[in-house]
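Chain and residue survey
Residues per chain are reported as follows:
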Amino acid sequence: MPRMPVDEPAAPTSPEPFRPRPPVVIGLVGGVAAGKSTVAALFAKHGLRHVDADQLARAVSETPAVLQQVAHELGPELVRDGRLDRAATAAFVFRDPSARQRLEAIVHPPVRAAIEAELAAARAAGESVLLDVPLLLENGLVERCDHVVFVAASDAVRAARAKARGWVDGELDRREANQATLASKRARAEAVVHN
């Protein structure tokens, strides 16, 4: 008996590239644990250069100069085995606004410089950028954006995500208290992604 032809599964298609001319900078805002990283990854699949301030901050916080400053300004117990103890540092600075300001004074300038370098490189390459910066409104980088997208998630979803990260009760609220309100972020955005 002759074999029946079998349709081969279609090869997966790549997402359509997003290449507007001139290139644009899209800022991403939203609440803590709203899923901005997930949305950012979707944008990156379409060819946008993903400038991730958290990733840049992690790299900056591992440099010897920053580690030395953190140990001097905030305490040597926050630096262990030549690395920043991120959990201990977060617990400390989110309890003490003065400590948070001192940490930001150490880390934010080199992170800002790295973001500016990424924007310049993207501009030189003719690439569009997704600017994923938790304090986008607060630090004025929103003014570098052509468009702003708000990532929305319910309070219950965000609380569940925070719990899955191992955060204690109230940690999400403590972190969010140091950022612009959700209402101001949403008001600044032109589009909303429900996540």
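Notes on the structure in this doc start here. Keep in mind that what you see is a predicted model, and the values were worked out from it rather than measured.

Notes on the pattern of salt bridges
Overall, the coordinates contain eleven salt bridges when judged by the stated rule. Between R49 and E127 there is a salt bridge whose closest N-O contact spans 2.7 Å. Residue R49 is found in strand β2 (residues 49-52), and its partner E127 is found in the loop between α5 (97-125) and β5 (129-132); the two are separated by 78 residues along the sequence. For R49, a relative accessible area of 22% gives the class partly exposed. The residue R158 makes a salt bridge to E176 at a minimum N-O spacing of 2.8 Å. Remark: E176 occurs in helix α7 (residues 171-176) and R158 occurs in helix α6 (residues 155-164); sequence separation between them is 18 residues. Residue R158 is classed as buried on the basis of its relative accessible area of 4%. Residues joined in a network through salt bridges with shared partners are R49, E118 and E127.

Some words on the packing of helix α3 (residues 64-74) against α5
At a minimum axis distance of 10 Å, the contact between α3 and α5 shows a crossing angle of 160°. As summarised for this structure, α3 and α5 are arranged roughly antiparallel, according to the angle between their axes. With respect to the hand of their crossing, α3 and α5 are arranged in right-handed fashion. On α5, the residues touching V66, Q69, V70, E73 and L74 of α3 are A99, R102, L103, I106 and V107. For the contact of α3 with α5, a count of residues per class yields seven nonpolar, one polar and two charged.

Here we look at the nonpolar core
In this structure, V70, V107, I115, L131, V133 and L136 are the most contacted members of the largest nonpolar core, which totals 32 residues. Look past the residues within four positions of V70 in its chain and what remains in contact with it is G75, L78, V79, L84, L103 and I106. Of all hydrophobic cores here, the second largest spans eleven residues; its members include L28, L130, V149 and V151.

Considering unusual backbone geometry
In this structure, P22 follows R21 across a cis peptide bond, with omega equal to 0°. Among the structural elements, P22 can be located in the segment before β1 (25-30). With phi around 65°, A33 is a residue other than glycine that occupies positive phi space. With respect to the secondary-structure elements, A33 resides in the loop between β1 and α1 (36-45). With a relative accessible area of 3%, A33 lands in the buried category.

Analysis parameters
Starting from 1, residues in each chain are numbered consecutively following that chain's sequence as written. Per-residue local features are limited, in this predicted model, to residues with pLDDT of at least 70; the limit for side-chain atom pairs, both in listing and counting, is 80 or more; totals at the level of whole chains, interfaces and linings are taken over all residues. To obtain the side-chain values, all non-hydrogen atoms of the structure were used and water was disregarded. In what follows, salt bridge is the name for a side-chain nitrogen of Lys or Arg lying within 4 Å of a carboxyl oxygen of Asp or Glu. The numbering of helices and of strands both runs from the N terminus, where a helix is a DSSP run of H or I of at least 4 residues and a strand a run of E of at least 2. Three labels apply to residues, based on accessible area from a 1.4 Å probe with only protein chains included: buried if under 20% of the type maximum, exposed if over 50%, partly exposed otherwise in between. Helix axes are fitted only over the stretch in contact, all axes being lines through C-alpha atoms; the angle between N-to-C directions runs from 0 to 180 degrees. Relative orientations are named as follows: roughly parallel for angles under 35 degrees, roughly antiparallel for angles over 145 degrees, roughly perpendicular for angles from 65 to 115 degrees, and oblique for any other angle. Should the near helix be turned anticlockwise from the far one by less than a right angle, the crossing is termed left-handed; should it be turned clockwise, right-handed. We call two residues contacting when some pair of their heavy atoms lies within 4.5 Å. Polarity classes work like this: nonpolar for Ala, Val, Leu, Ile, Met, Phe, Trp, Tyr, Cys and Pro, charged for Asp, Glu, Lys and Arg, and polar for all others, with Gly in that last group. As used here, the term nonpolar core means buried Ala, Val, Leu, Ile, Met, Phe, Trp, Tyr and Cys residues forming a set that is joined through side-chain atoms within 4.5 Å.

Any link to function would need more than the numbers given here.
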